[in-house]
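Take a look at the letters that make up each chain.
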Amino acid sequence: MTSWVDKQGYPAAQAATAYADRKDWVDLRSDTVTRPTPGMLAAMQAAEVGDDVYGDDPTVNALQTECAAMFGMEAGLYFPTGTQSNLAALMAHCGRGDEVILGQDAHHYKYEGGGAAVLGSAQPQPLQNLPDGTLDLVQVEAAIKPDDSHFAITRALALENTIAGKVIGREYLAKATALCRRRGLSSHLDGARIFNAAVKLRMPVGELCAGFDTVSVCLSKGLGAPLGSVLVGKRGFIDRARRIRKMLGGGMRQAGYVAAAGRYALAHHVDRLAEDHERAERLAAGLSASGLEVEPPQTNMVFVGVPADRCAGLRQHLEQSGIKASIGPRARLATHLDVNDGGVDRVVAAFRAFFRA
Ligand SMILES: *Cc1c(COP(=O)(O)O)cnc(C)c1O
């Protein structure tokens, strides 16, 4: 296949060399660092497109429909990022001054710039996550405010799965959504990595997420698309979220070129997440065999304890060994599409060499 780079007259040889250099790196900073595979690029190049703000991009429409169907939902909406998808969902669930109960460690609380509060005027009510990533449902229920003019109106519960690589099982999710229904709350699931959870549990995502009003899923993480997230839910809700997406600047035009990557990812990169999970286990086993404290991985995230006074040295050593990783006292190493067995072995060897020295 001739790539667009050649057609545009870019120095292809130079581009190829730069790419080869980059391929040499083992990059464990996140599962977002993947580059499109040749098959994905071909799908992107072949995409039929339209203007999605007019609703006539067939590839975006197909992605939204296919993704909604996987979750057993009525409709889907394509977003440039997971942050915007979560924000639009929370804004569509909560009016100004309404409250959303969420986890202190949740991405939509801690790592999204406070968007729900800043841009959505929704009040977050954070609760401490339990070690398994869940929220104590007794605490959730106790945090629902009584009907009294002192209080914000508690409107929604938002959970995350996987959270820090941990899988939240069906039993808990069923209880949480039942609680929402009983108490009249909406339920949102930040399922940025929900396919990692579903593959781990060997359960269709639709079954795992049943009962949630909305789910947001990232195509740009382990699934390997260059960008994009999909929010799924009821049709009326998705229509509200579409207005909010436009307001947030997320109305895109010939988005089918990137949506094609998302469709490709959903068709080809879901089952293979099991390989990332196996490599995370292999990595964890290798690191703990060299005496490091490693948290047993559940999916594609390995957390390793690094003595605080060794962090800077380890960072430098890994860099020199062609390994990119976010090293801190609790370092997170993520496996993904662009890390193979050889890469895992190189990482284990580099850690060993450093801690033996
Ligand atoms: C990455 C991530 C997001 C946000 O996705 P972006 O596309 O980076 O904005 C939301 N939630 C979770 C759990 C994530 O890991």
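Residues numbered from 1 in each chain as written. Predicted model: local features only at pLDDT ≥ 70, side-chain atom pairs only at ≥ 80, totals over all residues. Heavy atoms only, no water.

A.B. asks: Report on the domain arrangement of the protein, specifying residues and quantitative values.
C.D. replies: Per the domain assignment, the segments making up the protein are domain 1 (4-33 + 272-356) and domain 2 (38-267). When each unit is reduced to the centre of its C-alpha atoms, the spacing between domain 1 and domain 2 is 28 Å. Of the roughly 1300 Å² buried between domain 1 and domain 2 on both sides combined, carbon and sulfur atoms contribute 51%. Looking at the side of domain 1 facing domain 2, the largest losses of area belong to D31, L273 and Q298, adding up to 40% of the total buried there. (Domains from an automatic or database assignment. Buried area = accessible area lost by both parts, 1.4 Å probe.)

A.B. asks: If you had to explain the packing of aromatic side chains to someone new, which residues and values would you point to?
C.D. replies: Inspection of every chain in the model, using the stated rule, returns three aromatic pairs. Taking the centre distance of 6.4 Å and the plane angle of 25 degrees together, the rings of F351 and F355 count as stacked. With F351 and F355 both in helix 16 (residues 341-356) and four residues apart, this pair spans about one turn of that helix. For F355, a relative accessible area of 21% puts it in the partly exposed group. For the pair F354 and F355, a centre-to-centre distance of 5.0 Å together with 90 degrees between the ring planes defines the contact as edge-to-face. Accessibility expressed as a relative area gives 12% for F354, which makes it buried. Members of the aromatic cluster, joined through ring pairs, are F351, F354 and F355. We note K324 situated over the ring of W25; from NZ or CZ to the ring centre the distance is 4.7 Å. Against the face of F303 rests R330, its NZ or CZ located 4.0 Å from the ring centre. (Phe/Tyr/Trp six-rings, centres within 6.5 Å; stacked < 30°, edge-to-face > 60°. Helix = DSSP H or I, 4+ residues; strand = E, 2+ residues; numbered from the N terminus. Buried < 20%, exposed > 50% of the residue type's maximum accessible area, 1.4 Å probe, protein only. Lys NZ or Arg CZ within 6 Å of the ring centre and 35° of its normal.)

A.B. asks: Outline unusual backbone geometry, supporting the account with residue identities and numerical values.
C.D. replies: A negative phi angle characterises most non-glycine residues, just as the trans form characterises most peptide bonds. Look at the link from N161 to T162: it is a cis peptide, with omega at -5 degrees. Considering the arrangement of structural elements, one finds T162 in the loop between strand 5 (154-160) and helix 9 (170-183). For A164, which is not glycine, the phi dihedral falls at a positive 50 degrees. Tracing the sequence through the fold places A164 in the loop between strand 5 and helix 9. Located in the positive-phi region is R202, a residue other than glycine, with phi close to 50 degrees. Its place among the elements puts R202 in the loop between helix 10 (194-201) and helix 11 (205-208). What makes R202 exposed here is its relative accessible area of 80%.

A.B. asks: Residues and numbers for the site of the ligand, please.
C.D. replies: Around the ligand sit T81, G82, T83, N86, H107, E112, E160, D190, A192, R193, C218 and K221, and those are all the residues in its vicinity. Residue G82 places a main-chain N or O atom 2.8 Å away from an oxygen atom belonging to the ligand. Between T83 and the ligand, the recorded distance is 2.6 Å, taken from a side-chain N or O atom to an oxygen atom. Taken by itself the ligand offers 380 Å² of open surface, and the protein chains cover 83% of this. Taking a 2 Å distance to the grid points as the criterion, the majority of the atoms of the ligand fall inside the second largest pocket. A total of three residues in the shell around the ligand trace back to one element, the largest contributor, which is helix 5 (residues 82-93). A breakdown of the residues in the shell around the ligand according to their chemical character gives two nonpolar, five polar and five charged. (Near = heavy atom within 4 Å. Polar contact = N/O pair within 3.5 Å; in protein donor to acceptor, adjacent residues only side chain to side chain. Areas by Shrake-Rupley, 256 points an atom, 1.4 Å probe, with all protein chains shown as cover. 1 Å grid on protein atoms, 1.4 Å probe; cavity = no way out; pocket = protein on both sides within 12 Å on 5 of 7 lines; lining within 4 Å. Sits in = over half its atoms within 2 Å of the grid points. Nonpolar A, V, L, I, M, F, W, Y, C, P; charged D, E, K, R; others polar.)

A.B. asks: Residues and numbers for the pattern of salt bridges, please.
C.D. replies: Here the idea is simple: oppositely charged side chains can pair when their charged atoms come close. Scanning the entire structure with this criterion turns up 17 salt bridges. As a salt-bridge pair, D51 and R253 come within 3.3 Å of each other at their nearest N and O atoms. Taken together, the positions of D51 in the loop between helix 3 (38-45) and helix 4 (58-70) and R253 in the loop between helix 12 (235-247) and helix 13 (256-268) put the pair 202 residues apart, joining distant regions of the chain. Between R279 and E275 there is a salt bridge, with the nearest N and O atoms lying 3.7 Å from each other. Of the two residues, R279 and E275 are both situated in helix 14 (residues 273-289); the distance of four residues between them amounts to about one turn of the helix. You can call R279 buried: its relative accessible area is 14%. Three or more residues joined by partner-sharing salt bridges are found here, namely E141, R182 and R183. (Salt bridge = Lys/Arg side-chain N within 4 Å of Asp/Glu carboxyl O.)

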